Amino acid sequence: MALGADWFAGDVHELARALIGTELLVGGVGGRIVEVEAYRQDDPASHSFRGETPRTRTMFGPPGRIYVYRSYGLHWCANLVCGPVGEASAVLLRALEPTRGLEEMQLRRGVDDPRLLCSGPGRLCQALGITGEDDGARIDRPPFVLEPRSGEVDVAVGVRIGITKAAEQPWRYGLAGSPYLSRPFSPGAR
DNA sequence: TATGAGATCAACT
DNA sequence: GTTGATCTCATAC
């Protein structure tokens, strides 16, 4: 049974941790989530920190939706909105372990190495075909499917990547030891 | 292996 | 006018 939108109504950090190992598919293409980062409204690094704007409108809406924005004027980055309505917290999808639709992703990305298909927010969106068109879409409606993980996973914790504000916060979560991370976690981090 | 430039857009100063 | 939750490609060691 796929995870519904109300599954995202809880605490963003618990959800970030719980998302590791779940399988995200877009139109039958995707893989296991191996790396995410948590952002909250009281977080200076979050887009929602300074209040609602046309771009961040989705973050302030109901949980279980997808917040997509353009990064550096070039790449798309996808988040899953968490928490109660209006809390404006979200989980940034940073890396997947490709499991389904490899050929499709290789075609979209123009590379063959599975480790390079989804290891990074921009790459992930390109591989799955996520664009600004998908902003505000529900995670539990086609073409999106989020399958719960089967069994326990070893979740690593570390500092977030590529930001300058609140950069010391350990709000990056990942599957320990996975070769599909955008960057490895420090050994022993938990 | 490492550093640097370019792409290109919304929000902020 | 500057900055940023990025990535690719080129050039240099």
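Treat the numbers as computed from the prediction; the structure is a model and nothing was measured.

1. Looking at the overall build of chain A
When you go through chain A residue by residue, the secondary structure sums to three helices and eight strands. Secondary structure of chain A in N-to-C order comes out as α-β-β-β-β-β-α-α-β-β-β. On C-alpha atoms alone, chain A measures out to a radius of gyration of 15 Å, which is about the 16 Å that the 2.2 N^0.38 rule sets for 190 residues. Sorting the 190 residues of chain A into buried and exposed places 49% on the buried side. Contacts spanning at least 24 positions in sequence make up 59% of the contacts within chain A whose residues lie at least 6 apart. Approximately 8,900 Å² of chain A is accessible, and the part contributed by carbon and sulfur atoms is 51%.

2. Here's the deal with the layout of surface pockets
As a volume, the largest pocket reaches approximately 770 Å³. Every residue lining the largest pocket is counted, 30 residues in all, and those nearest its centre are Tyr-39, His-47, Tyr-69, Gly-162 and Ile-163. Elements with a contribution of two residues or more to the lining of the largest pocket: strand E2 (29-39), strand E3 (66-71), strand E4 (75-82), strand E5 (89-100) and helix H3 (121-128). Ranked by residues supplied to the lining of the largest pocket, first place goes to E3 with four residues. Split by residue class, the lining of the largest pocket holds 13 nonpolar, eleven polar and six charged.

3. What to know about the environment of Ser-178
Position of Ser-178 relative to the elements: it lies in the segment after strand E8 (172-175). In this structure, the C-alpha to C-alpha distance between Ser-178 and Leu-117, residues 61 residues apart in sequence, is 14 Å. Here the side chain of Ser-178 touches Tyr-180 through a polar contact of 3.1 Å, landing on its backbone nitrogen.

4. Description of the protein's contact with DNA strand C
Residues in close proximity to DNA strand C total 20 residues, the closest being His-75, Asn-79, Arg-123, Gly-162 and Ile-163. The contact in question runs from a phosphate oxygen of DNA strand C to an N or O atom on the side chain of Arg-109, over 2.7 Å. One nitrogen or oxygen atom from the side chain of Arg-123 is found 2.5 Å from a phosphate oxygen belonging to DNA strand C. When contributions to the surface near DNA strand C are tallied by element, the ones reaching two or more residues are E3, E4, E5 and H3. Considering each element in turn, the surface near DNA strand C owes the most residues, three residues, to H3. Taken together, the residues that form the surface near DNA strand C break down as nine nonpolar, eight polar and three charged.

Cut-offs applied
- Residues numbered from 1 in each chain as written.
- Chains lettered and ligands numbered in written order.
- Predicted model: local features only at pLDDT ≥ 70, side-chain atom pairs only at ≥ 80, totals over all residues.
- Heavy atoms only, no water.
- Helix = DSSP H or I, 4+ residues; strand = E, 2+ residues; numbered from the N terminus.
- Rg over C-alpha atoms; globule rule 2.2 N^0.38 Å.
- Buried < 20%, exposed > 50% of the residue type's maximum accessible area, 1.4 Å probe, protein only.
- Contact = heavy atoms within 4.5 Å.
- Areas by Shrake-Rupley, 256 points an atom, 1.4 Å probe, with all protein chains shown as cover.
- 1 Å grid on protein atoms, 1.4 Å probe; cavity = no way out; pocket = protein on both sides within 12 Å on 5 of 7 lines; lining within 4 Å.
- Points joined across faces, edges and corners; volume = space filled by probe spheres on them.
- Nonpolar A, V, L, I, M, F, W, Y, C, P; charged D, E, K, R; others polar.
- Polar contact = N/O pair within 3.5 Å; in protein donor to acceptor, adjacent residues only side chain to side chain.
- Near = heavy atom within 4 Å.

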